[in-house]
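Structure assessment
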Amino acid sequence: DTEVTQTPKHLVMGMTNKKSLKCEQHMGHRAMYWYKQKAKKPPELMFVYSYEKLSINESVPSRFSPECPNSSLLNLHLHALQPEDSALYLCASSRDRTSSYEQYFGPGTRLTVT
Amino acid sequence: AQRVTQPEKLLSVFKGAPVELKCNYSYSGSPELFWYVQYSRQRLQLLLRHISRESIKGFTADLNKGETSFHLKKPFAQEEDSAMYYCALNSGSARQLTFGSGTQLTVLP
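Structural notes, computed from the coordinates. Predicted model, so just to flag it, every value in this text is computed and none were measured.

Turning next to the interface of chain A and chain B. Residue-level contacts link 20 residues of chain A with 19 residues of chain B. Both faces considered, chain A and chain B share a buried interface measuring about 1,700 Å² in area, 50% of it formed by carbon and sulfur atoms. There are two salt bridges connecting chain A and chain B. A salt bridge links Glu-3 of chain A to Arg-43 of chain B; its shortest N-O distance comes to 3.8 Å. At the boundary of chain A and chain B, one finds seven residue pairs in polar contact (both at pLDDT 80 or more). Of the residues that constitute the side of chain A that touches chain B, the class distribution is nine nonpolar, six polar and five charged.

Written as structure tokens, this is what we have:
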């Protein structure tokens with residue numbers, strides 16, 4: 001299995017809702033990432049987990065809360081989001097964070113905040 | 001601080017013509033550079049990495065440290081090459097990817 005899967009594909013939520021995005025990989029990768037991508041823009045790194053520990057938080061607002069329950073799963077918990085948070089949220093994984101191994105990207109969750 | 005510059009937002013070429021997508025980087029250390037591609041309605045995927053020096057789908061890219069460039073080239077473009085191309089730099093102690101702003105390539109029939 002060489003894919004990163006993400007659920008749901010699409011999500012519409014109000015500003016007072018609480019929701020979660022899920023990401024899964026079974027490639028034995030020990031680094032996992034969350035990116036935010038606006039239309040026609042490059043992905044922007046949000047969080048990096050290395051060996052299930054949060055190693056990078058790119059000054060992301062606390063309304064985004066990542067969680068890595070085990071080496072195969074990565075969640076992004078959302079609460080009290082703003083309309084400007086609407087974007088494609090990408091999950092990625094790589095064999096290791098400390099080398100030039102490629103990152104494998106999931107298809108993304110398209111989030112709309114109303 | 002590291003930076004990746006792709007000067008062309010849009011690039012159109014005719015089928016069979018050569019294509020070059022430009023990428024320049026700014027980084028004081030030893031860079032690791034990649035080209036990622038995003039076809040319409042598909043996930044972002046790796047196209048090339050500089051350390052492997054391989055040709056994928058007819059594309060090649062050579063790291064020029066003197067010019068701090070990693071341009072992507074293909075001698076004969078195909079319509080299926082139409083996509084968004086991102087140059088990315090893996091750098092720093094955190095080894096995180098910094099993406100360029102991307103070039104939308106359109107290959108015309």
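Having seen it, we continue.
Attention now moves to the layout of surface pockets. The rolling of a water-molecule-sized probe over the atoms marks out the regions of remaining empty space. Approximately 630 Å³ is the volume found for the largest pocket. If you go around the largest pocket, you meet 22 residues; those closest to its centre are Leu-88 and Arg-110 of chain A together with Gln-38, Arg-41 and Gln-42 of chain B. Considering each element in turn, the lining of the largest pocket owes the most residues, three residues, to strand 9 (residues 83-91) of chain B. Per-class residue counts for the lining of the largest pocket are seven nonpolar, eight polar and seven charged.

Residues and elements named next belong to chain B. Ordered in space as 3-8-7, the three strands form an open sheet in which the pairing is antiparallel. Two strands close off the open sheet at either side, each with one partner strand: strand 3 (19-21) and strand 7 (60-61). In terms of strand pairing, strand 3 meets strand 8 (residues 72-74) through three bridges, oriented antiparallel. Residue pairing for strand 8: Glu-20 is matched across the bridge by Lys-73.

For the rest of this paragraph, the subject is the sheet that holds strand 3 (residues 18-25) of chain A. Residues and elements named next belong to chain A. With antiparallel pairing, the four strands of this open sheet are ordered in space as 1-3-8-7. A single partner strand is all that each edge strand has here, and the edge strands are strand 1 (4-7) and strand 7 (64-70). With direction set aside, neighbouring strand axes in the sheet form an average angle of 20°. Examined bridge by bridge, strand 7 and strand 8 (residues 73-79) share five bridges and lie antiparallel to one another. Paired with Asn-70 across the strands is Leu-73, a residue of strand 8.

With that settled, the discussion passes to empty space enclosed by the protein. Residues and elements named next belong to chain A. If you walk through the whole model with that rule in mind, you get two cavities of 30 Å³ or more. In this structure, the second largest cavity encloses a volume near 40 Å³. Lining the second largest cavity are His-29, Arg-30, Ala-31, Met-32, Tyr-49, Ser-50, Tyr-51, Glu-52, Cys-68 and Ser-71. Only strand 4 (31-37) and strand 5 (44-50) provide two or more residues apiece to the lining of the second largest cavity. Grouping the constituent residues of the lining of the second largest cavity by class yields five nonpolar, three polar and two charged.

Quick notes on the rules
- Residues numbered from 1 in each chain as written.
- Chains lettered and ligands numbered in written order.
- Predicted model: local features only at pLDDT ≥ 70, side-chain atom pairs only at ≥ 80, totals over all residues.
- Heavy atoms only, no water.
- Contact = heavy atoms within 4.5 Å.
- Buried area = accessible area lost by both parts, 1.4 Å probe.
- Salt bridge = Lys/Arg side-chain N within 4 Å of Asp/Glu carboxyl O.
- Polar contact = N/O pair within 3.5 Å; in protein donor to acceptor, adjacent residues only side chain to side chain.
- Nonpolar A, V, L, I, M, F, W, Y, C, P; charged D, E, K, R; others polar.
- 1 Å grid on protein atoms, 1.4 Å probe; cavity = no way out; pocket = protein on both sides within 12 Å on 5 of 7 lines; lining within 4 Å.
- Points joined across faces, edges and corners; volume = space filled by probe spheres on them.
- Helix = DSSP H or I, 4+ residues; strand = E, 2+ residues; numbered from the N terminus.
- Pairing = 2+ DSSP bridges.
- Axes fitted to C-alpha atoms, helices over the stretch in contact; angles between N-to-C directions.

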